[in-house]
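Okay, here's what each chain looks like letter by letter:
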Amino acid sequence: MEKASPDCPYPGCFFCVMKEGNPSKRRSSILKFFRELPSQDDDGQVLPISGLWNTAMAHPNDPEFIELGIFECMSALIWKGLKNRRWLSHDQNIYIPYYAAHIIGSYTMNMEEFAESAVHSGVIPPLVELLRGRLTWVEQRVAVRALGHLATYASTFPSVASHGEILELSIQLAMSSLEIVYSHFYQFVDRRLSYHCDLLTRGMGGVEMESRKAEEWASQLQCWSLQLINCFAFKSEFLSTICKPEFLVKLPGMWGGLVNETSPAGIGLLRTICHHKLGRGPVASCPGIIEALCNIACSSDDWQYMAIDCLLWLLQDPSTCHKVIDKAVPALVDLAEISTLGDHKKLGDSIVNVLQECTQSQGTGRNSVSSRTKDQIEEIVNSRHRLKWEKNMPKEDLHIKQAAALVVKLEGNSLFSAGNISGAASKYSEALALCPMRSKKERVVLYSNRAQCHLLLQQPLAAISDATRALCIHNPVNRHAKSLWRRAQAYDMIGLAKESLLDAILFINECSQSTDPDLSLRQNKVPDYAERLVKKQMRAAWLFRDAAVKHGGVHCDGDGGDIYGQETDDSEWETASESDMGNDDQGNGDWKNEDERNDHYDKASIKGMVPSGCVKHGYNVQLMEDDEP
């Protein structure tokens, strides 16, 4: 290898080699460096490895180092760390297996030909050793990431699958990863390994930063394990291993917090499983999963469509339909008027068609549909018939119906103001029966107002149903602020912390963009009532909560304070302006199709609003302040 520069203390320095101006000599020196590095015991080896890590992260599609043998070098370094503990503990070599596995993962995440080269270079066996936990959870994290990338490609998946233990290890890691990180790092500050702290914060953070990053890394450890399992789940021969009740029942709760918003999490894996007939049976038979799927289907996060897909596939399968229909129908009926959800077009039509097929295919006896379920399906089918009927009505008649609905709604508002909550709810129901189906803005308000009545009557399930219907009708979907807030409160009443948290965060985001004086920002702060609810739900949905409870780290007592009283929703009753009637009358507005825009919320704003770990570190967001929602 070329000599180091006069100012460099390391013979054969990699960084000096990289400065070589002659391309041929440079490549020759790099090739020699990769071949000789694993056999050397010099100090300072972690420096070039960390440099290679930075290069791999910045330029993962550059083939130069792949052609020169970086995978063989990284594989040999991992083996060396596993077999030679004296070398591993010397100088800063403890970092090298982590960086080596990370480099393998970075260079294989985009390019299939790089993944093939990695497999041929023998990277899988040492990665499997790290996955087993031969070192620590930090190395497990990057090992499962790298193996997940290798399992993604058709040409390299068989090599991953040939190591039968990988799937079992990934399942165990997905279930135990949060507890592992909590008990081995988060819980005891004084026992933290110094190199873990340095890796998490790159040497620029204190205990608070270490804890926040630990939550993020634990979330990634779980999500990347699920991603690896998901690659196996596409192959039916592995479903029997995956579809164990003790694993399936935990999947809906594996959501990764707010720091892994691009991951499909547990619901994504369930969707893959439900795509197979062999997978639908175990899912339908697993207690609690259908209820969890219904909750996610009616939530406002980006996994909503995945839960809807699962429910529809289960209903379309004759062998599972009778097991899930009575539980799934109430949620799907609330979603029947949704139009576009992400890339899903006319999703509501698909839901209605599947529900109709279910009632027609179900027989009598054990597999028959309950009368309540039949009534709910009939209700939504009749709504579709009503919509078709209204299309043929003269516009004058539709205006009369809309005006009548407005009068009844105002009567409901008066009853509500007088304290007659039950009477107001009845009036809103009457107005909904009168209001034309295409008058979506007015119907959003009616459902939302009735949801508030249900809240005050301590009927959270009914409030969730009405708020969900309002959010589905609203354009864009899931973006009606008051319905989000009311559903957040209702979810809180029945203990669904994650769902309540997501709605509360979206409510805050909508307020920040609203022109409604009741909702708009004042002094750029979060309303007190919204901040209290977010704090409470961040505690309840904290990533490490179950692990902390198990290890005695937190108390399970509820938070004090009443968040349902007048303080939370004393705004003037929302009304849709009479001018909306004129807007609805225009040819291609709400009368025909909602605007087919992507309804995904601004996740960057959510991450900025609620950073990972903020609950344990005094969530003190000051984005807005308002006396009324």
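Per an unreviewed UniProt entry, the recorded name for the protein is ARM repeat N-terminal plant domain-containing protein, and the organism is Rhododendron griersonianum.

### Notes on helix α20 (residues 304–316)
Relative to the 18 Å expected for 13 residues at 1.5 Å per residue, α20 spans 19 Å between its end C-alpha atoms, a close match to the ideal helical length. Counting buried positions along α20 yields ten of 13 residues, so the element is predominantly enclosed. Lining the buried residues of α20 we find α17 (265–275), α18 (277–285), α19 (289–297), α21 (318–334) and α22 (347–361).

### Description of the packing of helix α27 (residues 460–473) against helix α28 (residues 481–493)
Describing two packed helices takes the angle between their axes plus the distance from one axis to the other. Orientation of α27 relative to α28, taken along the N-to-C sense of each, is 150°, at an axis distance of 9 Å. Taken together, the axes of α27 and α28 are roughly antiparallel relative to one another. Both α27 and α28 take part in a crossing whose hand is left-handed. Every residue of α28 that contacts α27 at Pro460, Ala463, Ile464, Ala467, Thr468, Ala470 and Leu471 is listed here: Ser483, Leu484, Arg487, Ala490, Tyr491 and Met493. In the contact of α27 with α28, the residues fall into ten nonpolar, two polar and one charged.

### Considering the pattern of salt bridges
Scanning all chains against the criterion turns up 28 salt bridges. With a closest N to O distance of 2.3 Å, Glu129 and Arg132 form a salt bridge.

### Thoughts on the confidence of the model for the protein
The predicted model of the protein averages 84 in pLDDT, with 82% of residues at 70 or higher. Here residues 556–629 scores under 50 on pLDDT; set against residues more than four positions off or in separate chains, the count is 192 contacts.

Reading the values: rules and limits
Residues numbered from 1 in each chain as written. Predicted model: local features only at pLDDT ≥ 70, side-chain atom pairs only at ≥ 80, totals over all residues. Heavy atoms only, no water. Helix = DSSP H or I, 4+ residues; strand = E, 2+ residues; numbered from the N terminus. Expected span 1.5 Å × (residues − 1). Buried < 20%, exposed > 50% of the residue type's maximum accessible area, 1.4 Å probe, protein only. Contact = heavy atoms within 4.5 Å. Axes fitted to C-alpha atoms, helices over the stretch in contact; angles between N-to-C directions. Parallel < 35°, antiparallel > 145°, perpendicular 65-115°, else oblique. Left-handed = near helix turned anticlockwise from the far one by under 90°. Nonpolar A, V, L, I, M, F, W, Y, C, P; charged D, E, K, R; others polar. Salt bridge = Lys/Arg side-chain N within 4 Å of Asp/Glu carboxyl O. pLDDT = per-residue confidence, 0-100.

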